[in-house]
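# Breakdown of the fold
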Amino acid sequence: MFSSVLSADVRGITGMPIWVETDVSDGLPGLVMVGYLASAVRESADRVRTAMKNTGVSIPPKKITVNLSPADTKKEGTGFDLAIAVSLMCSLGMFPKECIEKVMFLGELGLDGTVKKIRGVLPMAELAKELGCAVCVIPKDNEAEGRIVKGIACVGVENLRETLNRIITGDYSQEDISLEIIKETQETNPDFSEIRGQEGVKQAAKLAAAGRLNLLMVGPPGSGKTMIARRIPTILPQMSEEESLEVTKIYSVCGLLPEGVALMKDRPFRAPHHTISVSAMVGGGRQQVMPGEISLSNHGCLFLDEITEIPRNVLESLRQPLEDRCVQISRVSGNAVFPANTMLIAAMNPCRCGYYPDMNKCHCNAGEIHRYLNKISMPFIDRMDLCVEAPRVAFEELTGEESGETSKKIREKVLRAHQMQTERYQGSAYRFNGDVKGSDVEEYFRVGKKQKKLLEDAFENLNLTARSYHKILKVARTAADLECEKDIEVSHILQAICYRNIDRKFWAV
Ligand SMILES: [Zn+2]
C-alpha cells in the first residue's frame with residue numbers, strides 16, 4: 001500500500017516542503033530509501049525501524065520503499081524520521097490516509113521511540129501554515145517556537161506512541177504552555193551613563209546606532225572600546241515584531257534558541273573571537289549550510305575586537321555581505337540566503353604596543369607600525385562609515401559615579417532619528433542612512449550652497465575617494481537626524497569630516 005506524508009526542510013531561513021512517500025509490497029524483504037539523501041537521512045531507516053519496534057509496532061517482512069520528494073533537492077538533517085515512521089505506519093494500514101491529511105510531521109526519532117528536538121522548526125511550521133495545514137506535529141522540546149506561528153495548531157509530542165494515539169483519535173489539542181519570552185534585560189544591561197569622558201567615541205556610537213552605520217574604533221588597550229561597544233545594543237530601539245521573528249528564525253535554524261524561549265526580543269550582540277574561520281563568520285558548512293556570526297547578529301551588532309588579529313581572508317569575506325545586507329551561499333545541493341542586516345563595530349590597537357601616535361610611549365618603528373596597520377586593507381577601511389580615535393584614559397576616569405546621558409535617553413533620540421529615516425525612505429528599498437547606495441546618496445542627502453562648498457574643499461584637500469565622500473554625507477545626514485534637523489548644516493558636515501580624518505592619519509603613514 002502506498003502513502004504520502006508532508007514534512008519539511010529548511011533552505012536559508014525558509015521552509016521547503018518535502019513529501020515522504022512509502023510503498024509496502026511483496027518482494028524481497030527490506031527497507032530502501034531513495035531521493036537524493038545525505039548520509040544522516042539515509043541512516044534514518046535504522047532509527048525508524050528500531051523506534052517502531054520499541055514502540056510495539058512490528059514491521060512485516062515485506063519490500064518497503066521510502067522516497068523523499070522532490071528528488072532534485074538534497075535532503076539533509078534528521079528531521080524526517082517522524083514523517084517516515086508515520087508514512088510507514090499508514091502504509092501498513094494502521095490508520096486511514098484521511099487521518100494525516102493536512103498534517104505536517106517534523107522530528108527526529110531516538111531508538112526508544114522518543115521524538116527529539118530538531119533545528120529550524122519555526123520556518124517549517126510557518127511553511128505548514130502557508131500550505132494550508134491545520135496541524136503541525138513537532139517535538140515537545142520545540143513547542144515554544146512552533147507556537148509563535150498563529151493560525152495553525154503546533155502540537156508537541158514526546159514519542160512515537162503519543163503521535164500514533166493522536167493520529168488515531170484525531171486529538172490534536174494543545175496543552176496550555178506559558179510562552180516565555182526573553183525578559184527585557186535592559187535593567188541589568190550595562191548603561192551608557194557609566195562611561196565618563198570619551199565624548200568623541202560616544203558620539204560616534206550614537207551616530208552609528210542612529211544611522212545603522214559601521215564603526216571602527218582605534219585606540220590603545222584600556223581606552224574603553226569594548227565597554228562602549230557592549231553598550232550600543234542598549235541605545236538601539238526595541239526590535240519590531242517582524243525583526244524579532246527574523247532573528248528568531250535564524251536562531252531556530254542554528255538550534256541556538258534558549259530553552260523555553262519563544263521569541264527573541266533583545267537585539268543580538270555577537271563578539272566572536274579573532275581566531276574565527278570564514279565559514280563561522282559568514283556561514284557555510286560542508287554538510288548542512290548554517291548561518292554565520294554576521295547573520296546571528298542580524299538586526300543587532302557584530303563586534304570584532306582586535307581586528308588586526310583576524311585573518312585577512314575572514315575580514316575580506318565580510319565585505320560583500322556588509323554591502324548586500326545578506327549572505328548567499330551556493331552549494332551543489334542548492335543555494336541558501338541568510339539575512340545579514342547588521343551593524344559592524346570593530347576595534348583595534350593603533351600599533352603592536354598600542355601607544356602610537358604617542359611617540360613618548362610607543363616603541364615601534366615606522367616599518368612596524370606600517371605593517372601592523374596594513375593588516376587591514378584599504379577597501380575594508382572604506383566600508384567603515386565612522387572611524388574614531390579612542391585616546392587612552394585612566395580606568396578610574398572611564399568609570400565612575402558621575403554619569404552622562406543614560407542609555408534610555410539616548411535610545412529615545414535614536415528612535416526619533418530612525419523615524420525621520422522611515423519617512424525619508426518611504427517607498428524605497430532603504431531603511432537607514434547606512435543602507436543608501438551609490439548615486440542615491442546625492443539624491444537623498446541634498447545640501448545647501450555653503451555646505452556644498454565645504455564638501456568640495458574637503459574632497460580636494462583631503463584627497464577623498466568617491467566612497468568616503470559619500471560616507472561623509474551619510475554621517476552628516478545622520479548627525480542632522482539625531483538633532484531632528486531637516487537640513488544638513490555646516491556643523492554636521494564638519495563633524496562627519498572629523499570621523500573620516502582618522503583613517504587618513506593612521507593609514508597615510
Ligand atoms: Zn607602538
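Residues numbered from 1 in each chain as written. Predicted model: local features only at pLDDT ≥ 70, side-chain atom pairs only at ≥ 80, totals over all residues. Heavy atoms only, no water.

Turning our eyes to something else, we now look at helix H21 (residues 490–507). Taking 1.5 Å as the rise per residue, H21 with 18 residues should run 26 Å; its terminal C-alpha atoms sit 26 Å apart, in good agreement. At Arg 500, H21 is deflected by roughly 25 degrees, the largest bend along its length. Among all positions of H21, only His 492, Ile 493, Ala 496, Ile 497, Tyr 499, Arg 500, Ile 502, Asp 503, Phe 506 and Trp 507 are buried. (Helix = DSSP H or I, 4+ residues; strand = E, 2+ residues; numbered from the N terminus. Expected span 1.5 Å × (residues − 1). Bend = angle between axes of the 7 residues up to and from the residue. Buried < 20%, exposed > 50% of the residue type's maximum accessible area, 1.4 Å probe, protein only.)

Here we come to a negative patch on the surface. On the surface, Glu 483, Glu 485, Asp 487 and Glu 489 cluster together into a patch of negative charge. Tracing the sequence through the fold places Glu 489 in the loop between helix H20 (466–482) and H21. (Patch = residues over 30% accessible without salt bridge, like charges linked within 9 Å, V, L, I, M, F, W, Y side chains within 5 Å. Areas by Shrake-Rupley, 256 points an atom, 1.4 Å probe, with all protein chains shown as cover. Salt bridge = Lys/Arg side-chain N within 4 Å of Asp/Glu carboxyl O. Lys, Arg positive; Asp, Glu negative; His and termini not counted. Charge placed at Lys NZ, Arg CZ, Asp CG, Glu CD.)

Coordination of the zinc ion by the protein comes from Cys 351 (SG), Cys 353 (SG), Cys 362 (SG) and Cys 364 (SG), over a distance range of 2.2 to 2.3 Å. Coordination at the zinc ion is tetrahedral: its four donor atoms span angles of 105 to 113 degrees at the metal. We note that the donor set of the zinc ion lies within a single chain, spaced as C-x1-C-x8-C-x1-C. Taken together, the positions of Cys 351 in the loop between strand S17 (343–348) and helix H14 (366–373) and Cys 364 in the loop between S17 and H14 put the pair 13 residues apart, joining distant regions of the chain. Grouping residues by exposure puts Cys 351 and Cys 364 together as buried. (Donors = N, O, S within 2.8 Å, 3.2 Å for Na, K, Ca; no water. Tetrahedral: all angles 85-135°; square planar, octahedral: opposite > 155°, others 65-115°.)

The description of two aromatic rings rests on the distance between their centres and on the angle between their planes. Applying the stated rule across the entire model yields six aromatic pairs. The interplanar angle of 80 degrees and the centroid separation of 5.2 Å between the aromatic rings of Phe 459 and Tyr 469 together place this pair among those described as edge-to-face. On the criterion of sequence distance, the pair formed by Phe 459 in helix H19 (residues 449–461) and Tyr 469 in helix H20 is long-range, its members being 10 residues apart. Three or more aromatic residues joined by ring pairs form one cluster here, namely Tyr 425, Tyr 430 and Tyr 444. (Phe/Tyr/Trp six-rings, centres within 6.5 Å; stacked < 30°, edge-to-face > 60°.)

Another point: the sheet that holds strand S14 (residues 301–304). Overall, parallel pairing links the five strands, which are arranged S11-S14-S17-S10-S18 in an open sheet. The outermost strands of the open sheet, each flanked by one partner alone, are strand S11 (269–270) and strand S18 (386–389). The pairing of strand S10 (residues 215–218) with S17 spans four bridges and is parallel. Bridging from a neighbouring strand, Leu 216 pairs with Ala 346 of S17. (Pairing = 2+ DSSP bridges.)

Here the protein chain shows a mean pLDDT of 89. Residues at 70 or above account for 95%. The low-confidence segment residues 182–187, where pLDDT is below 50, has 11 contacts with residues more than four positions distant or belonging to other chains. (pLDDT = per-residue confidence, 0-100. Contact = heavy atoms within 4.5 Å.)

Next up on the list: the nonpolar core. Within the largest apolar cluster, 71 residues are counted, with the highest numbers of intra-cluster contacts made by Met 104, Cys 136, Leu 216, Leu 304, Ile 307 and Leu 318. The leading source of residues in this core is helix H4 (residues 121–130), at six residues. The two domains that each donate at least three residues to this core are domain 1 (2–169) and domain 2 (191–507). What Leu 216 contacts, discounting residues up to four positions off in sequence, is Ile 307, Ala 346, Ala 347, Met 348, Ile 381, Met 384, Leu 386, Cys 387, Val 388 and Trp 507. In this structure, Met 217, Val 414, Ala 417 and Ala 476 belong to the second largest nonpolar core, which totals 50 residues. (Core = buried A, V, L, I, M, F, W, Y, C linked by side-chain atoms within 4.5 Å. Domains from an automatic or database assignment.)

So, about the domain arrangement of the protein chain. Examined at the domain level, the protein chain breaks down into domain 1 (2–169) and domain 2 (191–507). The straight-line distance from the C-alpha centre of domain 1 to that of domain 2 is 44 Å. Each partner contributes to the interface: domain 1 provides 19 residues, whereas domain 2 provides 24 residues. Together, the buried faces of domain 1 and domain 2 total about 1800 Å²; carbon and sulfur atoms form 60% of this surface. It is Ile 13, Glu 76 and Arg 119 in domain 1 that bury the most area against domain 2; as a group they hold 34% of the surface buried on that side. Taken together, domain 1 and domain 2 are joined by one salt bridge. For Lys 249, the salt bridge identified is with Glu 126, shortest N-O distance 2.8 Å. Where domain 1 packs against domain 2, one counts six residue pairs in polar contact (both at pLDDT 80 or more). Mapped by element, the contributors of at least two residues to the side of domain 1 that touches domain 2 are strand S1 (2–11), H4 and helix H5 (143–146). Each residue belonging to the side of domain 1 that touches domain 2 can be placed in one class, and the counts come to nine nonpolar, three polar and seven charged. (Buried area = accessible area lost by both parts, 1.4 Å probe. Polar contact = N/O pair within 3.5 Å; in protein donor to acceptor, adjacent residues only side chain to side chain. Nonpolar A, V, L, I, M, F, W, Y, C, P; charged D, E, K, R; others polar.)

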